[in-house]
Structures are given as C-alpha cells and as structure tokens.
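# Results of the structural survey
Below, each chain spelled out in residue letters.
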Amino acid sequence: MTENCNNEKLTLKPAEAAILLNVSLPKMYELCKRVDFPSIRIGRAIVIPRKPLDEWLQKQACTEV
C-alpha cells in the first residue's frame, strides 16, 4: 500500500473509490473505462490515483450544468 507523509493512501481500489463517490461498483468500472477518468491498469488490477481523482471531480463539477 502506497501512502504519503500524512498516512493517506495515494491510490484507491475501484471499490474504495465507488464508496467515496457514492456510486455502484459496476458504475465505477464503467468510469474506469473512460479516457478522461484517472485510472491506471497494473496487470489485471485497476488503481485510481487520489489527487487526479480529486482534480477530475472538480472539473466535472465545473462543467456540469
């Protein structure tokens, strides 16, 4: 598990991100397939970097009407 100096995880598993975003796990996997969504595939595993996820959320909040 990768953590920064604040002991906060730098990456999230899809299930963890789904809980944070309050979406279903299938919806999270759908988001992970989007080109603009910050996810990384490492072998068969998918990880979501926390900082880019926060930035993506801010961008989505600003573009949604």
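It should be noted that the structure appears before, not after, this text.
Described below are features of the structure shown in this document. (Residues numbered from 1 in each chain as written. Predicted model: local features only at pLDDT ≥ 70, side-chain atom pairs only at ≥ 80, totals over all residues. Heavy atoms only, no water.)

## Some thoughts on the packing of aromatic side chains
- Under the defined criterion, the tally for this structure stands at 1 aromatic pair.
- Where Phe37 meets Trp56, the ring centres are 4.8 Å apart and the plane angle is 80°; that geometry is what we call edge-to-face. Of this pair, Phe37 sits in the loop between helix H2 (25-32) and strand E2 (40-42) while Trp56 is found in helix H3 (residues 50-63), placing the two residues 19 residues apart along the sequence.
- Judged by its relative accessible area of 4%, Phe37 is buried. (Phe/Tyr/Trp six-rings, centres within 6.5 Å; stacked < 30°, edge-to-face > 60°. Helix = DSSP H or I, 4+ residues; strand = E, 2+ residues; numbered from the N terminus. Buried < 20%, exposed > 50% of the residue type's maximum accessible area, 1.4 Å probe, protein only.)

## A few points about the nonpolar core
- Counting 11 residues, the largest nonpolar core is built from Leu12, Ala17, Ala18, Met28, Leu31, Cys32, Phe37, Ile46, Ile48, Leu53 and Trp56.
- Of all the elements in the fold, those that place two or more residues in this core are helix H1 (14-21), H2, strand E3 (45-49) and H3.
- For this core, the element with the highest residue contribution is H2, accounting for 3 residues.
- Sequence-distant contacts of Leu31, defined by excluding residues within four places in its chain, comprise Leu21, Phe37 and Trp56. (Core = buried A, V, L, I, M, F, W, Y, C linked by side-chain atoms within 4.5 Å. Contact = heavy atoms within 4.5 Å.)

## Here we look at the pattern of salt bridges
- What the rule picks out here adds up to 4 salt bridges.
- A salt bridge links Glu30 to Lys27; its shortest N-O distance comes to 3.0 Å. Of this pair, Glu30 and Lys27 both sit in helix H2, separated by 3 residues, roughly a single helical turn.
- The closest approach of N and O atoms between Arg34 and Asp36, which form a salt bridge, is 2.8 Å.
- Accessibility expressed as a relative area gives 35% for Arg34, which makes it partly exposed. (Salt bridge = Lys/Arg side-chain N within 4 Å of Asp/Glu carboxyl O.)

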